[in-house]
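If you want the building blocks of each chain, they are given just below.
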Amino acid sequence: MVTRPIADLAELSPHFVSDPYPVYARLRAEGPVHHVRAPDGEELWLVVGYEACRTAFTDPRLSRDWMKSGDITQIVNTDQDQPALAHMLMSDPPDHTRLRRLVAREFTPRRIEALAPRVQQITDELLDAMTSAEERRADLVASFAFPLPMTVICELLGVPGMDRDAFRGWSNEMVARTSAEAEAQAYQETTAYLRELIAAKRRDPGEDLLSAMIHAVDEGGDRLSPDELIGMSVLLLIAGHETTVNLIGNGMRALFAHPDQLAALRADFSLLDGAIEEMLRYDGPVEACTDRLALADVEMEGVTIPAGSTVLIAMADADRDPGRFKDPDRFDIRRDARGHIAFGHGLHYCLGAPLARLEGRIAIRGLLERFPDMALDAEVADLPWMPGMLIRGVRKLPVRW
C-alpha cells in the first residue's frame, strides 16, 4: 500500500482557489488518489485524472447518501434530517432512481427546447438594460450571468420574482460557505421559505414545476413526500442557476483571455456549440463533485481510501488530463471537446445539462452580437473567485464596451 503525507492544497499554491489546475496536474503526475487538506482546512481524499474520475463516479462504494449512511455534519453545517437535503443528489439507488424518475419528465429535450423563446426574451431584456448604462460598464455576473438563469429557473419552478435575491444568497452559502453559521442559517431560512411556498401551491396550484411536483404521481402511485418536495426544490433552484451563471462567467473570461478565440467566434457563430463544450471542458462551472462517502475501504492504484472518509472527484482536473485531451491547457473553440465530464458521469449526470447548454448558447451569442467591442475591465489575475472546491466561478466580471 502506498503511503503519502497529507498534501495541503493551499501550501502547494497560494493561488489554488483562482487557478487550481497546476496543483491538480502535479498531483495527477504522482497518482490518481491523494489525501489532501482543502483551503478551508477540511481533510479529504481527492481523485484526479480522467479515467480515475470516471471510475470513481460509478463506484457504488462511494456513496452520496450521507443522510442514511454517514454523519451529515462531516460535510455540511446542518442537521442530519435537514429537508433541504432530501433530494436525488444526496441519495443512492433505489432512492435516487425513484426521485429522478419523478422529475425527469420535466427535463426532456423537447421541453427544454420549448423554453428557448422565453430564455431569448429574458436575455434580450437584460441586454437592453445593460445597453442603457451611460458609463458603458457593468459587472457581467450581477447584470447578466446571474439574473438570466435565476429568472429562468424561478419562473420554471414558480418562485416569485421578489424572492430571487434571497435565494441567491442562500445558494451561495450552500455551495461556497463564508462561515459555518451563515451556512446553517441559509439551510434554515430556505427550508422555512419553501414550506410556506409549497403550502401556497397546494392551495392554489399553477402551471409551474413546483405545482407539478406536488401533484406528480407515477404509475405505481408513488409521489414526493413533504421533505422530498423541499429537497428537490432546493436542488433544482441551486443546480438550475449556479451551473449557468459560471458557464457564462467562466466562458466569457476565457474568451477575453484568448482574443484570437474571441475574434474567431464573433466572426463565425457556427462555432458556438463547440465553443460552449470547450468552455465547459477548459474551465467548467463545477470544480469537483459533491462530497462522497466511502462506505468501505476503497483501493485505487495501490492507495486505500479508508471507510468513512470524504471523497471529492476533481472533474476540473479530469477535463485537463493530457491522456484524454491533447494540449489540454490550451483553450481552443474548434477542439472536439466531447467526452468532458463537466456535468458529471454515471447515474448522477446533471439532469439540467440541456438547459444549461441552451442558456449558455443564447447568452454568449447575445452578448457578442449586442456588444461587439466588449472587453474585460480588470486584470485577469485580480478577479475574485468563489471559495471552496465545489463551484468554480468568478464573483465579479467587470466589463466595458
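Below, the structure is looked at part by part.

## Considering the sheet that holds strand β5 (residues 137-139)
Taken in spatial order, the 3 strands make up an open sheet running β5-β11-β10, and their pairing is antiparallel. Every interior strand has two partners, whereas the edge strands, β5 and β10 (375-376), have only one. The pairing of β5 with strand β11 (residues 398-400) spans 3 bridges and is antiparallel. Residue pairing for β11: Arg 137 is matched across the bridge by Arg 400.

## Some details on the packing of aromatic side chains
Taken as a whole and judged by the stated rule, the model has 8 aromatic pairs. With a centroid separation of 6.1 Å and 90° between ring planes, the pair formed by Tyr 50 and Phe 325 is classed as edge-to-face. Of the two residues, Tyr 50 is situated in helix α3 (residues 50-57) and Phe 325 in the loop between α16 (315-318) and α17 (353-370); the sequence distance between them amounts to 275 residues. No difference in accessibility class separates Tyr 50 from Phe 325, as the two residues are buried.

## With respect to the nonpolar core
Of all hydrophobic cores here, the largest spans 123 residues; its most connected members are Phe 144, Met 213, Met 252, Leu 265, Ile 364 and Met 374. With 15 residues, the top contributor of residues to this core is helix α13 (residues 226-257). In contact with Met 374, not counting residues within four places along its chain, are Met 130, Leu 140, Met 252, Phe 256, Arg 266, Leu 367, Val 399, Arg 400 and Trp 401. Among the nonpolar cores identified, the runner-up in size contains 17 residues, and Tyr 21, Leu 44, Val 48 and Ala 288 belong to it.

About the cut-offs
- Residues numbered from 1 in each chain as written.
- Predicted model: local features only at pLDDT ≥ 70, side-chain atom pairs only at ≥ 80, totals over all residues.
- Heavy atoms only, no water.
- Pairing = 2+ DSSP bridges.
- Helix = DSSP H or I, 4+ residues; strand = E, 2+ residues; numbered from the N terminus.
- Phe/Tyr/Trp six-rings, centres within 6.5 Å; stacked < 30°, edge-to-face > 60°.
- Buried < 20%, exposed > 50% of the residue type's maximum accessible area, 1.4 Å probe, protein only.
- Core = buried A, V, L, I, M, F, W, Y, C linked by side-chain atoms within 4.5 Å.
- Contact = heavy atoms within 4.5 Å.

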